[in-house]
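Analysis of the macromolecular model
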Amino acid sequence: MTTNENQNQNQQNKQSHLFSNYARWPLAIVRGEGHYVWDEQGKKYLDFVSGIAVTSLGHVPPAVKARVQAQLDTLWHSSNLFQHPLQEQLAVELCALSGGLDRVLFVNSGAEANEAAIKLVRRYMHSIRGQKERYEIITFEQSFHGRTLATLTATGQAKVKDGFAPLPEGFVTVPYQDMEALKQAITPGTAAIMLELVQGEGGVNPADADWIKQVKELCGQHDLLLVIDEVQTGIGRTGTWFAYQQYDILPDIVTIAKGLGSGFPVGAIMAREYLAEAFSAGTHGTTFGGNPLAMAAGLGTLETIRDQEILDQVQRTGTYFMQKLSELKQHSPLVKDIRGKGLLIGVAMAMPVARVIELAREKGVLLLSAGTNVLRILPPLTVTTQEIDHAVGVLASVLEEVQKEAESNIAGGSEEVKSPVR
């Protein structure tokens with residue numbers, strides 16, 4: 001946030017009955033349709049945040065809306081004490097799309113999916129394999145796996161852990177894509193390796209294909225489970241149903257959430273058949289997970305992506321977007337790198353990106369950060385090339401404005417804004 005936005009946030013916090021744990025933008029979204037949202041004043045914005053990779057089909061997609069509306073007239077909740085036909089239907093669809101995963105457990109969020117994955121790893125080693133000493137999971141710096149006590153401990157970023165000690169044991173974090181550090185971290189107590197194939201919140205860092213192949217081989221050599229966190233990359237965001245399908249591997253466990261429900265809270269853990277026995281009756285559960293409304297939204301989401309051949313579109317528009325941003329990089333000294341997969345795109349900057357996000361918002365385009373110096377761009381999977389052109393044009397004008405501001409402040413002797421042009 002910029003200084004003015006922080007002052008406005010502090011004032012709002014004093015007047016609100018809500019906790020102040022969110023650094024909210026000075027903007028209230030009241031309506032969404034397609035790729036656009038509107039604020040309380042009626043201003044229209046091109047939404048390239050997508051609810052942080054959630055509204056992947058845009059806002060209120062017709063097929064999802066129809067399924068949810070029909071379910072609203074039928075049943076909202078019954079709990080997991082009863083049979084769930086919609087859960088079975090969605091699980092069948094997901095397993096078929098996965099290329100080899102066999103079991104699904106529905107939860108409510110990405111953090112809950114990752115928490116369940118951690119519990120599955122531990123219980124499999126403890127109760128099925130009889131190896132009680134094997135419970136450690138290796139994760140990576142700059143990763144993000146959630147905000148429960150276990151998942152924030154698994155996360156490779158110190159900022160999410162501040163003030164929450166003592167943290168649960170059982171996690172070892174090593175540098176991302178450092179094979180020697182990974183090998184050295186493996187001990188007789190290691191049970192699994194957990195990673196994102198594109199680190200989203202941590203800076204939009206895609207994994208190298210050769211490194212992932214070595215990680216998979218390492219798991220085989222040491223009898224480790226491979227857990228892939230696809231909370232942000234799954235359900236088409238990178239141009240395939242799951243990002244791991246671009247790496248020619250089949251993980252033991254996969255977690256998904258964000259894009260699965262088109263805005264309805266839903267997550268899932270998917271696993272191979274031999275792990276199923278570890279989650280026997282009573283070992284894990286959730287009151288709201290897999291409720292009929294979320295299942296209807298998930299079925300409508302998969303149906304739309306499949307029937308409209310949206311994965312092919314993501315591959316085309318993702319390539320187009322990267323090309324346009326690469327052209328922008330050639331003309332702006334503030335842009336240092338363009339990276340990502342599909343429509344999960346990062347623009348690494350030579351400055352903090354808060355001011356860029358603020359000015360883009362003023363010009364009607366919503367963008368996100370991934371750390372201090374990286375723009376994260378998450379358009380709907382159905383974005384058009386015309387909308388991409390518009391967004392890149394706005395970003396170009398914003399960067400020119402930021403560059404002029406920085407030069408003006410340097411000329412005026414302001415130390416606060418010198419850093420953007422270094």
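Below is a summary of the structure that appears in this document. (Residues numbered from 1 in each chain as written. Predicted model: local features only at pLDDT ≥ 70, side-chain atom pairs only at ≥ 80, totals over all residues. Heavy atoms only, no water.)

What follows deals with the overall build of the chain. Of the regular secondary structure elements, the chain holds twelve helices and 17 strands. Relative to the 2.2 N^0.38 estimate, which gives 22 Å for 422 residues, the radius of gyration of the chain is 22 Å and therefore close to what a compact globule would have. Each principal axis of the C-alpha atoms in the chain carries an extent, and together these give about 70 × 55 × 45 Å. Looking at the chain as a whole, 52% of its 422 residues qualify as buried. Put simply, of all contacts in the chain between residues at least 6 apart along the chain, 71% involve residues at least 24 apart. Element-wise, carbon and sulfur atoms account for 50% of the exposed surface of the chain, whose accessible area totals about 19100 Å². (Helix = DSSP H or I, 4+ residues; strand = E, 2+ residues; numbered from the N terminus. Rg over C-alpha atoms; globule rule 2.2 N^0.38 Å. Buried < 20%, exposed > 50% of the residue type's maximum accessible area, 1.4 Å probe, protein only. Contact = heavy atoms within 4.5 Å. Areas by Shrake-Rupley, 256 points an atom, 1.4 Å probe, with all protein chains shown as cover.)

Further remarks concern the pairing of strand β1 (residues 29-33). Alignment of β1 against strand β2 (residues 36-39), held across four bridges, turns out to be antiparallel. Residue pairing in the sheet places Arg-31 in a bridge with Trp-38 of β2. The hairpin formed by β1 and β2 contains two residues between the paired strands, and Gly-34 there has a positive phi angle of roughly 60 degrees. (Pairing = 2+ DSSP bridges.)

What follows concerns the sheet that holds strand β12 (residues 267-271). Reading across from one edge, β4-β12-β11-β10-β7-β5-β6 is the order of the seven strands in this open sheet, with mixed pairing throughout. Of all strands in the sheet, those bounded by a partner on one side alone are β4 (103-107) and β6 (171-174). Put simply, the sheet's adjacent strands are angled 20 degrees from each other on average, direction ignored. One ladder, built from four bridges, connects strand β7 (residues 190-195) with strand β10 (residues 225-229); its direction is parallel. When the bridges of β10 are listed, Ala-192 appears paired with Leu-225. Packed onto the sheet, helix α4 (residues 85-98) meets β4, β11 (253-256) and β12 and runs at close to 125 degrees relative to β4. Against the sheet, helix α5 (residues 110-128) engages β4, β5 (136-140), β6, β7, β10, β11 and β12, with an angle of about 160 degrees to β11. (Axes fitted to C-alpha atoms, helices over the stretch in contact; angles between N-to-C directions.)

It helps to recall that an α-helix has 3.6 residues per turn; residues three or four apart then point in one direction. Look at helix α8 (residues 209-222): 20 Å from first C-alpha to last across 14 residues, which is about the 20 Å you get at 1.5 Å a residue. Regarding α8, the residues found buried are Trp-211, Ile-212, Val-215, Leu-218 and Cys-219. Buried positions in α8, seen along its axis, are confined to an arc of 115 degrees and lie on one side of it. Exposed side of α8, more than 90 degrees from the buried face: Asp-210, Gly-220 and Gln-221 are the residues found there. As for α8, its buried residues are in contact with β5, α7 (179-185), β7 and β10. The N-capping residue of α8, defined by a side-chain oxygen 3.1 Å from the backbone nitrogen of Asp-210, is Asp-208. Looking one or two residues beyond α8, the residue adopting positive phi is Asp-223, at roughly 60 degrees. (Expected span 1.5 Å × (residues − 1). Arc of directions from axis to C-beta. Polar contact = N/O pair within 3.5 Å; in protein donor to acceptor, adjacent residues only side chain to side chain.)

The subject of this paragraph is the environment of Ala-268. Mapped onto the secondary structure, Ala-268 falls in strand β12. Judged by its relative accessible area of 0%, Ala-268 falls in the buried class. Separated by 147 residues in sequence, Ala-268 and Val-121 have C-alpha atoms that sit 15 Å apart. Excluding residues that lie within four positions of it along the chain, Ala-268 makes contacts with Val-104, Leu-105, Phe-106, Val-107, Ala-113, Val-254, Thr-255 and Ile-256.

Turning to the sheet that holds β1, a few remarks are in order. What the four strands build is an open sheet, ordered β1-β2-β3-β15; its pairing is mixed. Bordering the open sheet on either side are β1 and β15 (365-366), each of which pairs with just one other strand.

Here we take up the pattern of salt bridges. Taken as a whole and judged by the stated rule, the model has 15 salt bridges. As a salt-bridge pair, Arg-306 and Glu-93 come within 3.2 Å of each other at their nearest N and O atoms. With Arg-306 in helix α9 (residues 292-307) and Glu-93 in helix α4, the pair connects residues that are 213 residues apart, well separated along the chain. Of the residues examined, Arg-306 reaches a relative accessible area of 37% and is grouped as partly exposed. Here the residues in one salt-bridge network are Glu-93, Arg-306 and Asp-307, joined through shared partners. (Salt bridge = Lys/Arg side-chain N within 4 Å of Asp/Glu carboxyl O.)

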